Amino acid sequence: MTAPAVIPSIEMIEQRIAPLRARLNAHPLYASVKTIEDVRVFMESHIFAVWDFMSLLKSLQRELTCVAVPWVPAKFAASRRFVNEIVLGEESDEFHGRPASHFEIYLEAMESAGADTGPMRAVLARVADTPTTWQDALELAPPPACAFARSTFRVIANGSVAAQAAAFTFGREDVIPDLFRGFIRELNAELAGHLSTFVWYLERHIEVDGEDHGPLSLRMVADLCGDSPELWEEAATAAEDAIHARLALWDGILAALPSSHTT
């Protein structure tokens, strides 16, 4: 008698990506950012990860909630609430008494730090004029950021909803360690508060990623994969690809740090 097929699971994905997560957690970038010039270079590429995160999130909102008229209830109630909750915080958080997206707050943080927002604003202007040409617009980004964002938009364009959810869940969890955040706080004190908005951004993400977000994001992946081995495999591959892309982004930023080229 043939044994029943084993349906993959969240545990399978976590086991597959564990070595990649270990590499990400131990990446030398975090300890290599030593000056305000390094912080600026970091921000000038990292802003593109903030931007394409929003694009991935909005793609999930489009797929897991109803944004059409007439409205009909979407299938997975817990996941649609989870996604809408994330959208509310990311797109319309309260910042010093006014609503703002985390992306817009990050741009303000860059300006306060003296980082160049020109490439990011140029990409935004290009895609606003011709939204279907994001591939061309990303040529205006720093090379590491361009490659990273392209990987995200590929899964949005070509991946299943399960793959998008896996990239979101396993590739976009908090990847900024305490070591880095502590350094930014110390540097902010030395620079008379010029990094205060960046500190707010980093701390806010720890605050909003509450204890319930992890389980809800895992449930979202499990709901979308169901009992399909093919979807579980696609989700696992998307999770691996997302972390590989993050590692490559960190490698590219590390190589560009001004302090790494001084003797």
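## As for the overall build of the chain
And then number 1: Counting its secondary structure elements, the chain contains 13 helices and two strands.
And then number 2: The C-alpha atoms of the chain give 19 Å as radius of gyration, which agrees with the globular expectation for 263 residues (18 Å, within 12%).
And then number 3: Taken along its principal axes, the extent of the C-alpha atoms in the chain is 70 × 45 × 35 Å.
And then number 4: Within the chain, counting contacts between residues at least 6 apart in sequence, those at least 24 apart form 73% of the total.
And then number 5: Carbon and sulfur atoms form 56% of the exposed surface of the chain, whose accessible area is close to 12900 Å².

## Quick look at the nonpolar core
And then number 1: One finds Ile13, Val39, Phe42 and Phe198 to be the most contacted residues of the largest nonpolar core, which totals 86 residues.
And then number 2: For this core, the element with the most residues is helix 3 (residues 36-64), which contributes 16 residues.

## Comments concerning the pattern of salt bridges
And then number 1: Using the criterion set out here, one finds 11 salt bridges in the structure.
And then number 2: Sharing partners across several salt bridges, the network here consists of Arg16, Glu233 and Glu240.

## A look at the side chain of serine 160
And then number 1: Looking at the secondary structure, you find serine 160 in the loop between helix 8 (143-158) and helix 9 (161-171).
And then number 2: Among the polar contacts listed, one links the side chain of serine 160 to the backbone nitrogen of alanine 163, at a separation of 3.1 Å.
And then number 3: Those residues within four positions of serine 160 in sequence are excluded, and the remaining contacts are Leu231 and Glu234.

## Observations regarding the confidence of the model for the chain
And then number 1: Residue-level pLDDT values for the chain average 90, and 92% of them are 70 or greater.
And then number 2: Across residues 1-5 the pLDDT falls below 50, and counting only partners more than four positions away or on other chains, this stretch makes zero contacts in the model.

## Let's talk about the environment of alanine 137
And then number 1: Tracing the backbone shows alanine 137 in helix 7 (residues 134-137).
And then number 2: Placed 52 residues apart in sequence, alanine 137 and glutamate 85 show a C-alpha to C-alpha distance of 30 Å.
And then number 3: Once residues lying within four places of it in the same chain are set aside, the contact partners of alanine 137 are Val123, Arg126 and Val127.

## What about the environment of alanine 18?
And then number 1: Along the chain, alanine 18 turns up in helix 1 (residues 10-25).
And then number 2: On the accessibility criterion, alanine 18 (39% relative accessible area) is partly exposed.
And then number 3: With 140 residues separating them in the primary sequence, alanine 18 and asparagine 158 have C-alpha atoms 25 Å apart.

What counts and what doesn't
Numbers given to residues run from 1 along each chain, matching the order in which its sequence is written. Restriction of local features to residues with pLDDT of at least 70 applies here, the model being predicted, together with a cutoff of 80 or more for giving and counting side-chain atom pairs; totals for whole chains, interfaces and linings are based on all residues. Only hydrogens and water are removed before side-chain values are computed, so all heavy atoms of the structure are retained for them. Helix and strand definitions here come from DSSP, where helices need a minimum of 4 consecutive H or I residues and strands a minimum of 2 consecutive E residues; each element is numbered from the N-terminal end. Just to be clear, the radius of gyration here is over C-alpha atoms, and the globule rule we use is 2.2 Å times residues to the power 0.38. Every residue pair with non-hydrogen atoms within 4.5 Å of one another is taken to be in contact. Reported accessibility uses the Shrake-Rupley method at a 1.4 Å probe radius. Residues are deemed covered only where the shown protein chains occlude them. By nonpolar core we mean a set of buried residues, namely Ala, Val, Leu, Ile, Met, Phe, Trp, Tyr and Cys, connected to one another through side-chain atoms within 4.5 Å. Residue burial is assigned from relative accessible area. The probe radius is 1.4 Å, only protein chains are included, and a residue is buried under 20% of its type maximum, exposed over 50%, and partly exposed in between. In the sections that follow, a salt bridge refers to a side-chain nitrogen of Lys or Arg positioned within 4 Å of a carboxyl oxygen of Asp or Glu. As used in this structure description, the phrase polar contact means that two N or O atoms lie within 3.5 Å; if the pair is within protein, one of them must be able to donate a hydrogen and the other to accept it, and residues adjacent in sequence are counted only when both atoms belong to side chains. A residue's pLDDT is the predictor's confidence in that residue, given on a scale from 0 to 100.

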